[in-house]
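# A closer look at the structure
Given next are the chains, with one letter for each unit.
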Amino acid sequence: MAGLELLSDQGYRLDGRKAVELRKIQARMGVFAQADGSAYIEQGNTKALAVVYGPHEIRGSRSKALHDRAVVNCQYSMATFSTGERKRRPHGDRKSSEMTLHLKQTFEAAILTQLYPRSQIDIYVQILQADGGNYCACVNAATLAIMDAGIPMRDYVCACSTGFIEDTPLVDLCYVEEAAGGPQLALALLPKSEQIALLEMNSRLHEDHLEKVLDAASKACRDVYAVLDRVVRDHVQEVCTLLGE
Amino acid sequence: MREPPLSNCEKSFLLKAIREGKRLDGRETYDYRNIKISFGTDYGCCIVELGRTRVLGQVSCELVPPKVNRPTEGIIFFNLELSPMASPAFELGRQSELLIKLNRLLERCLRNSKCIDTESLCVVAGEKVWQVRVDLHLLNHEGNIIDAASIAAIVALSHFRRHDVSIQGDEVTVYTPEEREPVPLSIHHMPICVSFAFFQQGTYLLVDPSDREERVLDGMLVIAMNKHREICTIQSSGGIMLLKEQVLRCSKIAGVKVTEITELIQKALENDKKIRKEGGKCGFVESMPQQWITAFKVEKAPVDVTDVEEKAEGILSRAEPPAEAVSKPVLWATGTAQIGEGLESSWRDMEEEEGQVEDEDDEGAIDDPTLAVTQNIEMEDISGKEEKKSDVDVVVLSDSEEEEVIILEPEESRIHTRSKHPADSSATKTTAGKKKRKKKFAL
Amino acid sequence: MAWVRLSEAEKVYIAHGVQEDLRQDGRSCEDYRCIEVETDVVSNTSGSARVKLGHTDILVGIKAEMGTPKLERPHEGCVEFFVDCSANAAPEFEGRGGEELGTEIANTLYRMFNNESSLDLKALCISQAEHCWILYVDVLLLECGGNLFDAISIGVKAALFNTRIPKVRILEDEEGSKEIELSDDPYDCIRLNVENVPCIITLSKIGHRHVVDATLQEEACTLASLLVSVTSKGLLTGMKKVGKGSLDPESIFEMIETGKRVGKAVHVSLQEILNKEESLGKQRQKVGFLG
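On a predicted model such as this, the values are computed, not experimentally measured, just so you know.

Definitions and cut-offs
- Residues numbered from 1 in each chain as written.
- Chains lettered and ligands numbered in written order.
- Predicted model: local features only at pLDDT ≥ 70, side-chain atom pairs only at ≥ 80, totals over all residues.
- Heavy atoms only, no water.
- Helix = DSSP H or I, 4+ residues; strand = E, 2+ residues; numbered from the N terminus.
- Rg over C-alpha atoms; globule rule 2.2 N^0.38 Å.
- Buried < 20%, exposed > 50% of the residue type's maximum accessible area, 1.4 Å probe, protein only.
- Contact = heavy atoms within 4.5 Å.
- Lys, Arg positive; Asp, Glu negative; His and termini not counted.
- Charge placed at Lys NZ, Arg CZ, Asp CG, Glu CD.
- Pairing = 2+ DSSP bridges.
- UniProt positions renumbered as here; feature names shortened; annotations may be inferred.
- Axes fitted to C-alpha atoms, helices over the stretch in contact; angles between N-to-C directions.
- Parallel < 35°, antiparallel > 145°, perpendicular 65-115°, else oblique.
- Left-handed = near helix turned anticlockwise from the far one by under 90°.
- Nonpolar A, V, L, I, M, F, W, Y, C, P; charged D, E, K, R; others polar.
- Buried area = accessible area lost by both parts, 1.4 Å probe.
- Salt bridge = Lys/Arg side-chain N within 4 Å of Asp/Glu carboxyl O.
- Polar contact = N/O pair within 3.5 Å; in protein donor to acceptor, adjacent residues only side chain to side chain.

### A short note on the overall build of chain C
Scanning chain C from terminus to terminus reveals 5 helices and 14 strands. Rg of the C-alpha trace for chain C: 21 Å, near the compact-globule value of 19 Å for 291 residues, within the 12% margin. Every one of the 291 residues in chain C was classed for burial, and the buried ones make up 51%. In chain C, 70% of the contacts between residues at least 6 apart in sequence involve partners at least 24 apart. Charge centroids of chain C, computed over 32 positive and 47 negative side chains, lie 4 Å from each other.

Written out as structure tokens, the structure reads:
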């Protein structure tokens, strides 16, 4: 992509953001009435929807039940019209399966599964529009949905993607920046304890820069946490007012 | 077939050893097992042995039309197969989570890091490009598949030679190896995966976990680096929480390891090149010394055995001598005799709910020989102690589908018969005549 | 939950209510629940719409791609339907569980649109037998609260109304090879004529009467339903009976009449709303799921 500068000389990116700025995040909890918990998040142009069912009895084979914890079951799927080119299969291909595994791993670590032995918690995430940072939007949406469902967690799980161009870490990549092929790091963090739930990196990055990128990513996750916290508090206030308490 | 689960005492043994900084095969925490690389007769075929884990890598190529959105680039395709040969737990044809995880990790490590120059694979832009296919087969699973697979993939790719191609105008000629020397692929760098296993919520760290260690780990971190200390991929898995310092430390260790392994790979490749140039025999058959006495030699595991004897003697001296187990046979009738007394029937006690007495867990079993209690007074103490432990419920030993799991404990009758192995984990208790307790049985 | 379990007493309660033209939420037998429609919710598509009918939530996205026309219809474009029952709607739809329902709905849509007048496919043709527009209509089922077919057909109509396909020019080279030029101007596009696009009305038979727009509970009491596809002029393009029970021919005739009546009313209000939304133009605040 000759001529497309991901970072201009003045420090502005393609969409006018600075290197450490996040895209605009708008979120809403309680979108669907029938599910136990649901949330919708828009990070720039990426739109993700998460729905949580549970905890409920294990569906299917009883042998999957764990005697001391709940089973966390995830599915990640992208709508066929979400990407620029139409996707043939919404889920079931390798990349979606990998994302599903990552989501499952992230939330198994964060949810207090010991409180619900022999039960199952379903987390279904749908991408309605993909413009970079798919995994991160999913994690943020799922965090809100789990909170909406009232399932206890250790902490918020906030995720953000980071890239690295010309010695500067770029935070919250959009699709064009991701497709440019530079190194990308996706980080899912529990903000209060600074524990990393999932760390995933692609493409080449020199070891010396790793610390810088990790720092930038952690800071970005904390910023995301601030936004999500605001959303949750507003929602709770709204619900309480409607309930008349 | 499901693989047999690891027993509790093995698990605790492994964890305890790791806490003391010891590993089963005597390695240090940051040591790799021995890596052995052997090549086949064809170019692009190699077997990598990491300890006992074996991966076979084979590279092949063919001319195909390129992808529509990338007309000037070749195609590289990776495929890792977990063959049932490797472990009875792998079944043919079923896409398990592990397979997807490994395949995606390999793809990201080798393809996204652009270790192979795909533009050089282009023959006629938009019409014909080389499609390079790397097939990896796991032959034996003894832990740490991903490291061995990544080494096998990169070695096979470095070893591979593709047919030479020449273009005159519109005509494309592909030369066979007899006509012209085959051409190696252009490889920018060699990314190698290094796996780190975390135990006890991230307190202990091991490099290159073996099969047993993999089963007790909490989480894993895989870092793929090349010798220029560029990180190609990082992937954390398992449900553990990491801290930034841990990740940075791991990346430093990975840097050191990758340099060593890359040297090894270069040496192996040069060796093979030398042998082929001199016209010597090469191939798998050659790399397996058949007729020598040392063909089936197993290397000694470097376990520290300096004071084993004193320790063993110490344990034995502290233990009580085995009780008189043999009693006189009692003759009931001709042809029917009884030796010793059988265990008291405890079936009728299964319905009793109160006063659960639990079999002592294996935790402390290694240290204390037994809690051989012979007197009623002491028995009360024990049952008191165990009643506190009865908050912890049944210990599941297997993924059986049964609802109730019961733990068998060998009862000690009035003649206290001890189990044969002094270091056994079962605690023995006497049965008081009238006192009823609920016993739990395990299968 | 794609279906709910009802006890016999609840079923009897609903059936008796319907007898008296009283439904659980106070509607009459021919009333629809409040329908919310919003177009242009997904920007990656050529046209999109979101329909919320009670607890049923549908998202329709249309992508127009260039392709070759079918051999037997060289002067027409084509329309492809794909329905994805996502796991969001019901945990049973996880993995491949929703495929059956999805293919059933997609086949019904194919049949309803499989006639000359519904969609002007000739407008989608670029050059005969070589290039044409293929419209991929993708329906995403987000929440299932009964009456899927109606909501989906309303969504499809709204999305088709919203679709903007860029105009195409064919340039002839000297050697005779054709080049296709897409106009870059976002306002230079063709719109589809959705006057004759049908809407599906589901009439569910409960007891001796039939109701329109059944909720999940009412669907559980239904023995048989009739899907009627009606255009805005009241013409029937397709009909399908679903369900395990049987229908009397007389009741079928009554149901068709009701369907036509209700269908015409739905078309009128839908068109009104779509026109109103269109007239808001740029000032329209896009709400999407955030509202």
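### With respect to the pairing of strand S8 (residues 165–168) of chain B
Here 4 bridges tie S8(B) to strand S9 (residues 171–174) of chain B, and the two strands are oriented antiparallel to one another. Note on S9(B): the bridge partner recorded for B:Ile167 is B:Val172.

### A word on the UniProt feature "domain: Exoribonuclease phosphorolytic" (unreviewed entry) in chain C
Residue and element names in this part refer to chain C. In this numbering, the UniProt entry assigns the feature "domain: Exoribonuclease phosphorolytic" (unreviewed entry) to residues 32–166 and 196–261. End C-alpha atoms of residues 32–166 are separated by 36 Å, and the span's content is 22% helix alongside 38% strand. In residues 196–261, the share of helix is 29% and the share of strand is 39%. The end C-alpha atoms are 16 Å apart.

### Re the packing of helix H1 (residues 94–110) of chain A against helix H2 (residues 134–149) of chain A
Residue and element names in this part refer to chain A. Where H1 meets H2, the closest approach of the two axes is 11 Å, and the angle between their N-to-C directions is 45°. In terms of orientation, H1 lies oblique with respect to H2. H1 and H2 meet at a crossing whose hand is right-handed. Together, Met 99, His 102, Leu 103, Thr 106 and Phe 107 of H1 and Asn 134, Tyr 135, Cys 138, Val 139, Ala 142, Thr 143 and Ile 146 of H2 make up the contact between the two elements. Looking at side-chain class alone, the contact of H1 with H2 contains 8 nonpolar, 4 polar and no charged residues.

### Side note on the UniProt feature "domain: Exoribonuclease phosphorolytic" (unreviewed entry) in chain A
Residue and element names in this part refer to chain A. Taking the numbering used here, the UniProt-annotated feature "domain: Exoribonuclease phosphorolytic" (unreviewed entry) corresponds to residues 21–152 and 155–220. Each end of residues 21–152 is marked by a C-alpha atom, and these two atoms are 30 Å apart; helix forms 25% of the span and strand 33%. With 29% helix and 44% strand, residues 155–220 has its two end C-alpha atoms placed 16 Å apart.

### Re the interface of chain C and chain A
If you look at the interface, chain C gives 36 residues, while chain A gives 35 residues. Across the interface of chain C and chain A, roughly 3000 Å² is buried in total on both sides, 55% from carbon and sulfur atoms. Among the residues of chain C in contact with chain A, C:Asn88, C:Phe289 and C:Leu290 are the three that bury the most area, contributing 23% of the side total. Connecting chain C to chain A are 2 salt bridges. One salt bridge connects A:Arg86 with C:Asp138, and the closest N-O pair in it is separated by 2.8 Å. Across the chain C-chain A interface, the total number found is 17 residue pairs in polar contact (both at pLDDT 80 or more). At the level of secondary structure, the elements contributing two or more residues to the side of chain C that touches chain A comprise strand S3 (56–67), strand S4 (78–85) and strand S6 (131–143) of chain C. It is S3(C) that contributes the most residues to the side of chain C that touches chain A, 6 residues altogether.

### Regarding the interface of chain A and chain B
Listed as interface residues are 34 residues of chain A and, on the opposing side, 38 residues of chain B. Summing both partners gives a buried area of about 3400 Å² for chain A against chain B, and 52% of it is carried by carbon and sulfur. It is A:Arg94, A:Arg204 and A:Glu207 that lose the most area in chain A upon contact with chain B, and together they represent 23% of the buried surface on that side. Among the salt bridges present, the one from A:Asp208 reaches B:Arg229, with a minimum N-O distance of 3.1 Å.

### Thoughts on the environment of C:Asn162
Residue and element names in this part refer to chain C. Residue placement: Asn 162 occurs in helix H3 (residues 148–162). When its relative accessible area of 7% is taken as the criterion, Asn 162 is described as buried. C-alpha of Asn 162 to C-alpha of Ile 200: the two residues are 38 residues apart in sequence and 19 Å apart in space. Not counting residues up to four positions away in its chain, the partners in contact with Asn 162 are Thr 39, Asp 40, Ser 46, Gly 47 and Ser 48.

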